[in-house]
Amino acid sequence: MKQSSKSTQPVVPALPSLPKPKYSQPIMLSLSLSLLTLAVTALAADPTPPKLTYLYSANLTFLAPITIGAVPSGSRNLLTISGGTVKGPKINGKVGSGVDWGLTDSKGVFSPDALYTLHTSDNATILVFEKGHAPNVQILFETASEKYAWLNSAVGYASGGPNDVGIGLDVWQIGA
Ligand SMILES: *[C@@H]1O[C@H](CO)[C@@H](O)[C@H](O)[C@H]1NC(C)=O
Ligand SMILES: *[C@@H]1O[C@H](CO)[C@@H](O)[C@H](O)[C@H]1NC(C)=O
C-alpha cells in the first residue's frame, strides 16, 4: 500500500446502521411502567445510610516534597511516602512506601492522589489507592492475601490531615 500524501483527507469509516428496536410496543409500555414504579418506590422510601466499620488508623511519614509548581490545574507536589504505622481492629502493621502526587487548587484545597503499601504484622502486603479532597478521602485496596481478600471489594472512607509525624488517617469501610 502507498503512503497517503499529506493533503489527503482522512477517510471517515462508515458507521454500521443502528439495529432496529427489538421490543414490541406492549413490552415497551410495561417496561416504562415498571421503571416508573421503581422510581416512585425509590423516592418514597427513606434510604438507609450505609454502615461504617472502623478498620484502622495510620500515620504516614514523608520525604522532603519535590515541588512541581504551578501547573494548569493548581499547585502540584510529589510527596514520597517513606513509612509509618498502622493500628486498629482490622489491620495492624507498617506503611511501606509510595507516592502522593496531590494537587492544591486555587482555593487552597488539597486533593490527595496517593498509592502506597501496607505491610501487616501477619505478613500480608496491601496496596492502597487514595483519592479525595482534604479532609475527605476515598480509599480502595488491592491484595493477594487470602486473609485480607475482603479488602479487594471494600470501599473505604478516611478522614485525616497533617499531625506531628506526617499525615494521620482514620479509615472506615463503607457499607460492609
Ligand atoms: C500517630 O501519631 C500520633 C501523634 O504522634 C499518635 O498519637 C498516634 O497514636 C499515632 N497513630 C498510629 C496509628 O501510629
Ligand atoms: C512473617 O514473616 C517473618 C519473616 O519471614 C516470620 O518470622 C514470621 O513468623 C511471619 N509471621 C507470620 C504471622 O506469618
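What counts and how
- Every chain's residues receive numbers from 1 upward, in the order its sequence appears when written.
- Just so you know, chain letters begin at A and ligand numbers begin at 1, following the order they were written in.
- Only residues with pLDDT of at least 70 are given local features in this predicted model, and only at 80 or more are side-chain atom pairs given and counted; all residues enter the totals for whole chains, interfaces and linings.
- Numbered from the N terminus, helices here are DSSP runs of H or I no shorter than four residues, and strands are runs of E no shorter than two.
- Whether two residues are in contact is decided by their C-beta atoms, placed from the backbone, lying within 7 Å.
- The C-beta atom of each residue is placed using the backbone, and any residue whose C-beta lies within 6 Å of a molecule or strand is treated as near it.
- Residue classes follow a fixed rule: Ala, Val, Leu, Ile, Met, Phe, Trp, Tyr, Cys and Pro count as nonpolar, while Asp, Glu, Lys and Arg count as charged, and any other residue, Gly among them, counts as polar.
- UniProt positions are given in the numbering used here, feature names are shortened, and annotations may be inferred rather than shown by experiment.
- Note on terminology: a nonpolar core is any set of buried Ala, Val, Leu, Ile, Met, Phe, Trp, Tyr and Cys residues joined through C-beta atoms within 7 Å.
- Put simply, a residue is buried when 20 or more other C-beta atoms lie within 10 Å of its own C-beta and exposed when 12 or fewer do; between those, it is partly exposed, and each C-beta is set from the backbone.
- Two strands pair under a simple rule: DSSP has to find at least two bridges between them.

*Asks:* Mind laying out the overall build of the protein, listing which residues take part and the relevant values?
*Replies:* Counting its regular elements, the protein contains 1 helix and 11 strands. Written out in order from the N terminus, the α and β elements of the protein read α-β-β-β-β-β-β-β-β-β-β-β. A separation of at least 24 residues holds for 38% of the contacts in the protein among residues at least 6 apart in sequence.

*Asks:* Can you tell me about the site of ligand 1, naming the residues and giving the values?
*Replies:* Around ligand 1, the surrounding shell consists of Ser 57, Ala 58, Asn 59, Thr 85, Lys 87, Asn 163, Asp 164, Val 165 and Gly 168. The set of elements that each furnish at least two residues to the shell around ligand 1 consists of β1 (52-62) and β3 (74-87). Residue contributions to the shell around ligand 1 peak at 3 residues, all from β1. Taken together, the residues that form the shell around ligand 1 break down as 2 nonpolar, 5 polar and 2 charged.

*Asks:* Hey, could you go over unusual backbone geometry for me, with residue numbers and the actual values?
*Replies:* Cis geometry marks the peptide bond from Ala 134 to Pro 135, where omega comes out at 5 degrees. With respect to the element layout, Pro 135 can be found in the loop between β8 (125-133) and β9 (136-143).

*Asks:* Give me the lowdown on the UniProt feature "transmembrane region" (unreviewed entry) in the protein, citing residues and values where you can.
*Replies:* When the UniProt feature table is mapped onto this chain, "transmembrane region" (unreviewed entry) is found at residues 54-71. The distance separating the terminal C-alpha atoms of residues 54-71 is 36 Å; by composition the span is 0% helix and 83% strand.

*Asks:* Describe the nonpolar core, and please don't skip the residues or the numbers.
*Replies:* Formed by 25 residues in total, the largest nonpolar core has its most connected members in Ala 58, Val 95 and Val 171. Secondary structure elements with two or more residues in this core: β1, β3, β7 (113-120), β8, β9 and β11 (167-174). Excluding anything up to four places from it in sequence, Val 171 contacts Leu 55, Tyr 56, Ala 58, Ile 139, Gly 156 and Ala 158.

*Asks:* Can you tell me about the pairing of strand β2 (residues 66-71), naming the residues and giving the values?
*Replies:* With 0 of 6 residues buried, β2 lies mostly on the surface of the structure. Where β2 meets β3, 5 bridges bridge the pair, whose relative direction is antiparallel. Note on β3: the bridge partner recorded for Ala 70 is Ser 75. Between β2 and β3, which pair antiparallel one after the other, the connecting turn spans 2 residues.

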